[in-house]
Structures are given as C-alpha cells and as structure tokens.
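Structural description and commentary
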Amino acid sequence: MTAVVYRASAALVTVQRVIRIVTGKPCRQLLEPDAAAKIGLDDMIIAVRFDRTPSACMAELRRLAAEKEATKKSRDLTLDQLPAWRRRSPGLSRPSPTSPTGKRGKIT
C-alpha cells in the first residue's frame, strides 16, 4: 500500500516539475491522483506546451483524463447491450449451440 501511495505522489510531483520546466513558471496546482493514473506520456506531450500557462496545462491534462474515462465507458459495452445488435436481421441471428447449424464456420 505504501508503494502505491509513493508512486501516486511521485507522479503528481513529476507532472508539476514537467510543467515548470516546459513553461518556465511554477505550477501551484496538483493534479488529482485518479486523473494522474489515467494520463500517459503522450498526454503530457499534448497538454504541456511552452506557450501555455501552468493552469492551462493542468486544465488540458484534466480534460484528457476525463476524455479517456468517457471513451472507456463506451468501450465497456458488450454487443448485446447495443440497440442495433438487438434489432439484427433474421439472416444474422445466432444459431443455438445444439442446432446443426451451430457448428463452427457456418453462418446463417
């Protein structure tokens, strides 16, 4: 548990340091730990720019983290939960495993 807390706090301090180095201004805000867990190096490259203020960099990092959460929620759906999958045409129906057409490679 201590190692997880240490890694989270180290990540938060690293984000602050990167923003200070790139923008040349101190970053007084801390990124939330759950948002820091979602961002990666590619997000840092997108969000932290020399022509932005530290608060604008943090806002962009938060936006990117929130966007990942929204995208993740839509990816967690199964095909059966999609409305279009329920209204499939009769030609795309799934055969039952006990039917003779339920063999591998046969599509009805």
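For the structure, see preceding data.
Below, the structure is looked at part by part. (Residues numbered from 1 in each chain as written. Predicted model: local features only at pLDDT ≥ 70, side-chain atom pairs only at ≥ 80, totals over all residues. Heavy atoms only, no water.)

Remarks on the nonpolar core
Nonpolar side chains in soluble globular proteins tend to be buried together. For clarity, the threshold we go by: Definition of nonpolar core: a set of buried residues of the types Ala, Val, Leu, Ile, Met, Phe, Trp, Tyr and Cys, connected through side-chain atoms within 4.5 Å. Each residue is placed in one exposure class: buried if its accessible area under a 1.4 Å probe, protein chains only, is under 20% of its type's maximum, exposed if it is over 50%, and partly exposed if it falls in between. For helices the rule is a DSSP run of H or I covering at least 4 residues; for strands it is a run of E covering at least 2, with both sets numbered from the N terminus onward. What makes two residues a contact is simply this: any of their non-hydrogen atoms within 4.5 Å.
Of all hydrophobic cores here, the largest spans 16 residues; its most connected members are Val15, Ile19, Leu31, Ile39, Met58 and Leu61. Of all elements in the fold, only α1 (2-23), α2 (33-38), α3 (41-47) and α4 (54-75) reach the threshold of two or more residues within this core. Looking at this core, the element that brings in the most residues is α4, giving five residues. Among all residues touching Val15, those that are not within four sequence positions of it are Leu31, Ile39, Met44, Met58 and Leu61.

A look at the pattern of salt bridges
For clarity, the cut-off: Every case where a carboxyl oxygen of Asp or Glu lies within 4 Å of a side-chain nitrogen of Lys or Arg is listed as a salt bridge.
Per the counting criterion, the structure on display carries five salt bridges. Across the salt bridge formed by Arg49 and Asp51, the nearest N and O atoms sit 3.1 Å from each other. You can call Asp51 partly exposed: its relative accessible area is 48%. In this structure, Arg63 and Glu67 form a salt bridge, with 2.8 Å as the shortest nitrogen-oxygen distance. Residue Arg63 and its partner Glu67 are located together in helix α4, separated by four residues, close to a single helical turn. On the basis of relative accessibility, which here comes to 42%, the residue Glu67 falls in the partly exposed class.

A short note on the environment of Ala59
Tracing the sequence through the fold places Ala59 in helix α4. Counting along the chain gives 28 residues from Ala59 to Leu31, while the straight-line C-alpha distance between them is 9.2 Å.

Quick word on the state of the cysteines
How we decide: Defined by distance alone, a disulfide is two cysteine sulfur atoms within 2.5 Å.
By the definition in use, this model includes zero disulfides. In this model Cys27 remains outside any disulfide bridge; the closest cysteine sulfur is found in Cys57, 7.8 Å from its own. The exposure class of Cys57 is buried, given its relative accessible area of 0%.

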